[in-house]
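Residue-level structural notes
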Amino acid sequence: RPGPERSPAGGYLGHCQQHIQSFLGEKVKRVLFVPYALHDRDAYARTAREKFASLGYELDSIHESCDPVEAVRKSEAIFIGGGNTFRLLKALYDNRLIQEIRKRVLEDGIPYMGSSAGTNVATVSINTTNDMPIVYPPSLQALGLVPFNINPHYLDPDVKSTHMGETREERIRQYHEEPNTPPVLGLREGAMLLVEGDKATLQGVTGARLFLRGKKPTEHEPGTDFSFLLIDSNFQ
């Protein structure tokens, strides 16, 4: 369930806390939090722990574990928070967690939630992140929990802006000028994508913009069924 991390009025995860509870359900008692995207992991874990406690869940932060691989193997649910996507992905590789998380989610079926950078790493690659490459992960390939990419915090062009750089749409188009690049779903603030089995549904309040290589981008309202994006062969 990817999406942004904060909303202007709702505080940390305030805009999606009801979605979190319905997604995790009553079987999950403890959530494994991955704070690798921020430098101050202790403070980040405190913030997340307080929020999840208010929702009725215990939270373990993976950076407090002496064995991160074992922490993933024992986890009931995984939440990867936002920050810098390059720092996050490098830490996942450094701690040998890529295949462990993939197995836990795709084979064992535990819930995975990601916000911002945690959304980017759930996809094919982090090529469509908005972040600066402050560190150098061994690959841009990510968890691949879904067979497409996401651009979180998607911004529509502002006709009044004096910014002279590329718009987000232009940057995604540049990505699709490269061969064999997967679809990119631009998730605006307040948008979430719920993926359960072979079904993907757009949730939230703001809608999304879908970019397919060689085609014009399309607008989609909350409630849109994006299940076709989960069929990788559609876009080869």
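Per an unreviewed UniProt entry, the protein chain goes by the name dipeptidase E and belongs to Chrysolophus pictus. Note on the protein chain: under the UniProt heading Catalytic activity (unreviewed entry), the record states "Dipeptidase E catalyzes the hydrolysis of dipeptides Asp-|-Xaa. It does not act on peptides with N-terminal Glu, Asn or Gln, nor does it cleave isoaspartyl peptides." Note on the protein chain: under the UniProt heading Function (unreviewed entry), the record states "Hydrolyzes dipeptides containing N-terminal aspartate residues."

1. A short note on the pairing of strand 4 (residues 30-34)
Most of strand 4 sits inside the fold, with 4 of its 5 residues counted as buried. As paired elements, strand 4 and strand 5 (residues 58-61) share 4 bridges and run parallel to each other. Note that in strand 5 the partner of F33 across the bridge is S61. A crossover connection joins strand 4 to the parallel strand 5 through helix 2 (residues 41-54); in handedness this β-α-β unit is right-handed. Where strand 4 meets strand 6 (residues 78-80), 3 bridges bridge the pair, whose relative direction is parallel. Pairing of V34 across the sheet is with I80, part of strand 6.

2. Description of the pattern of salt bridges
In this structure the tally under the stated criterion is 14 salt bridges. Residue D156 is joined to R188 by a salt bridge in which the shortest nitrogen-to-oxygen separation is 2.7 Å. In this pair, D156 is assigned in the loop between strand 8 (149-152) and helix 7 (168-176) and R188 in the loop between strand 9 (184-187) and strand 10 (191-196), connecting sequence segments 32 residues apart.

3. A word on unusual backbone geometry
Positive phi is not limited to glycine here, since R96 has a value of about 55°. Summarising the element assignment, R96 is placed in the loop between helix 4 (85-94) and helix 5 (98-107).

4. Examining the nonpolar core
Counting 28 residues, the largest nonpolar core has I80, L88, L92, I101, Y112 and V121 as the members making the most contacts within it. Breaking this core down by element, the ones donating at least two residues are strand 4, helix 3 (68-74), strand 6, helix 4 and helix 5. Here this core takes 5 residues from helix 4, the largest share from any one element. If near-sequence neighbours (up to four positions away) are discounted, I101 is found in contact with V72, I78, I80, L92, Y112 and L143.

5. Quick word on the packing of aromatic side chains
Taken as a whole and judged by the stated rule, the model has 5 aromatic pairs. A centroid spacing of 5.5 Å and a plane angle of 45° characterise the contact between F52 and F79, whose relative ring orientation is tilted. On the criterion of sequence distance, the pair formed by F52 in helix 2 and F79 in strand 6 is long-range, its members being 27 residues apart. Ring centres of F226 and F228 lie 6.0 Å apart, and the angle between their planes is 50°; this geometry places the pair in the tilted category. Connected via pairs of aromatic rings, a cluster forms that spans F33, Y44, F52 and F79.

The rules we used
Residues numbered from 1 in each chain as written. Predicted model: local features only at pLDDT ≥ 70, side-chain atom pairs only at ≥ 80, totals over all residues. Heavy atoms only, no water. UniProt positions renumbered as here; feature names shortened; annotations may be inferred. Buried < 20%, exposed > 50% of the residue type's maximum accessible area, 1.4 Å probe, protein only. Helix = DSSP H or I, 4+ residues; strand = E, 2+ residues; numbered from the N terminus. Pairing = 2+ DSSP bridges. Right-handed = clockwise from strand over helix to strand, strands pointing away. Salt bridge = Lys/Arg side-chain N within 4 Å of Asp/Glu carboxyl O. Core = buried A, V, L, I, M, F, W, Y, C linked by side-chain atoms within 4.5 Å. Contact = heavy atoms within 4.5 Å. Phe/Tyr/Trp six-rings, centres within 6.5 Å; stacked < 30°, edge-to-face > 60°.

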